[in-house]
Amino acid sequence: MRQRSDFIEYNQAVALYLKRETKKLAAMMSKGVLAHSERTLIKARLLNLEGKVAEAEELLKSHTPTSKYLKAQKNNVLSSIYDKLSRYQSAAVCNQKAINLYHELSDNEGLFVSYLNLSINYSRLSLEELFEYNWKKAKKFVVTKENQNSLIRAKVSYLAKLGKFEEALVIIQHITKSEEDYNNKATFLNLEADILVRLKRFNEALEIYQNLARTNKSLTRFRIAYEYQVTLALKGQSKLKKLPPDFPRESEYFHLWNTLICLQDGDPEQAHLSWLELVRINPDKYLAEFRYKDIGDFNSHFSQYYQFLKSKISDISLNPFKQGSATYKFVHILKHSQTPLRKELIIEQIWDIPYSPDFDARFYKVVERVKKNSKITVIMRNSTYQIQSKGPNYL
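Residues numbered from 1 in each chain as written. Predicted model: local features only at pLDDT ≥ 70, side-chain atom pairs only at ≥ 80, totals over all residues. Heavy atoms only, no water.

Draft legend 1. Just the side chain of Ser126, in detail. Position of Ser126 among the secondary structure elements: in the loop between helix H7 (108-124) and helix H8 (128-139). Residue class for Ser126 comes out buried when judged on its relative accessible area of 18%. Among the polar contacts made by the side chain of Ser126, one reaches the side chain of Lys161 at a distance of 3.5 Å. Setting aside chain neighbours within four positions, we find Ser126 in contact with Lys161, Asp284, Lys293 and Asp294. (Helix = DSSP H or I, 4+ residues; strand = E, 2+ residues; numbered from the N terminus. Buried < 20%, exposed > 50% of the residue type's maximum accessible area, 1.4 Å probe, protein only. Polar contact = N/O pair within 3.5 Å; in protein donor to acceptor, adjacent residues only side chain to side chain. Contact = heavy atoms within 4.5 Å.)

Draft legend 2. How the structure looks around unusual backbone geometry. Phi is positive for Gln237, which is not a glycine, with a value near 50°. Relative to the elements of secondary structure, Gln237 occurs in the loop between helix H13 (221-236) and helix H14 (252-264). Phi angles above zero are rare outside glycine, and Glu289 is one such case at about 60°. Structurally, Glu289 is set in the loop between strand S1 (286-287) and strand S2 (291-292). Take Glu289: its relative accessible area is 45%, and that puts it in the partly exposed class.

Draft legend 3. Expanded view of the pairing of strand S4 (residues 376-381). Pairing analysis gives six bridges linking S4 to strand S5 (residues 384-389), with the strands arranged antiparallel. What sits directly across from Ile376, in S5, is Ser389. In this antiparallel pair of consecutive strands, S4 and S5, the connection spans two residues, and Asn382 shows a positive phi of 55°. (Pairing = 2+ DSSP bridges.)

Draft legend 4. A look at the sheet that holds strand S3 (residues 341-342). In space, the three strands of this open sheet follow the order S3-S5-S4, with antiparallel pairing throughout. Edge positions in the sheet fall to S3 and S4, since each has one partner strand and no second. Docked against the sheet, helix H19 (residues 360-372) engages S4 and S5, running at close to 135° with respect to S4. (Axes fitted to C-alpha atoms, helices over the stretch in contact; angles between N-to-C directions.)

Draft legend 5. Examining the packing of helix H17 (residues 326-336) against H19 more closely. In the contact formed by H17 and H19, the axes pass within 9 Å of each other and the chain directions differ by 80°. Considered as vectors, H17 and H19 are oriented roughly perpendicular to each other. Within the contact between the two elements, H17 uses Ala326, Thr327, Phe330 and Val331 and H19 uses Phe363, Val366, Val367, Arg369 and Val370. Of the residues that constitute the contact of H17 with H19, the class distribution is seven nonpolar, one polar and one charged. (Parallel < 35°, antiparallel > 145°, perpendicular 65-115°, else oblique. Nonpolar A, V, L, I, M, F, W, Y, C, P; charged D, E, K, R; others polar.)

Draft legend 6. Examining the nonpolar core more closely. Counting residues in each nonpolar core, the largest one holds 51 residues, and the members touching the most others are Ile195, Leu256, Phe302 and Tyr305. Counting residues per element, the ones that place at least two in this core are helix H9 (145-161), helix H10 (165-176), helix H11 (185-198), helix H12 (202-215), H13, H14, helix H15 (268-281) and helix H16 (301-311). The element that contributes the greatest number of residues to this core is H14, accounting for eight residues. The contacts of Ile195, once residues within four sequence positions are left out, are Val156, Ala160, Phe165, Ala168, Leu169 and Ile172. Grouped together as the second largest cluster of nonpolar side chains are 50 residues, Leu47, Val53, Ile99 and Leu116 included. (Core = buried A, V, L, I, M, F, W, Y, C linked by side-chain atoms within 4.5 Å.)

Next up, the structure:
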């Protein structure tokens, strides 16, 4: 039975991939020193890195290595792909398959990686006992300082999910603030910045995000792009930047970002549809109505910016207009909306018709009547409408 040590060139290629030394990796692959299965696994890793997750998944699903070691490696790569797609149950299944194979091979290095990744899968699925069980299993196979750091990172992520941000920050900064060098810096720094945002320490978080956004080419770059832009908007209490056109639509962070943009633009219907994709992808993390399951996520980037958007709309407890009138409906609609709304949506709800520009003039007259005949301020911002009370009569 061939062991890890028998795949010298392949393991060298994986090491180059993990260090993101893509030029050296390309040169190695061009020499033809890798077997077909080995090349396929490396190609799938590179596709995943480029964000081409569907291609990477299809490539691996259509390929069956003959050796147990490469089969285990295939499951490790698939788990990474499914993790990126937020398909944590599928990722967990792949890691368990890899564990079974590594046990047959007595491969302690593979067992550490797979148990660690499995614990992270269960953490993201909010399965505390399974997280603890597999984390302790991984701990038994710790050999290097990097192993220990990776184990610490998994624990820090879990503490943050529980809302223990101060404790998590102290632990992660023992690594990030140390003068000792360590691998996989982008992932550690990203985690530190995420915790700082949850503690509302935006300046410190932005300093990290700015450096990561300029230099990072890792699998976490899409998460970093999303978190960086939301942190900028939170710090400046400003409008969130639009999604880049090349942002992968299958990413969890695409749906988070898109939901916030829809809410910001006054389109709650599309925001709900976008959020429901997250609920469908990971019902163990996301709940209906823009809610999270875990207490630690109540201070997430999304939750904080969502609360900021809601804060722009003051509740008005009384409606001074005749019930059933267009002015009454205008106030009622915006009073009960959780976000500003676009003119087109308000027109459709007031007159119960598909939007038509023919109703624009009538709409503007309604706005003017509300302004002149009540203590309600109508605010137009970013092509959306919201209302606030001018005084205590309506609070």
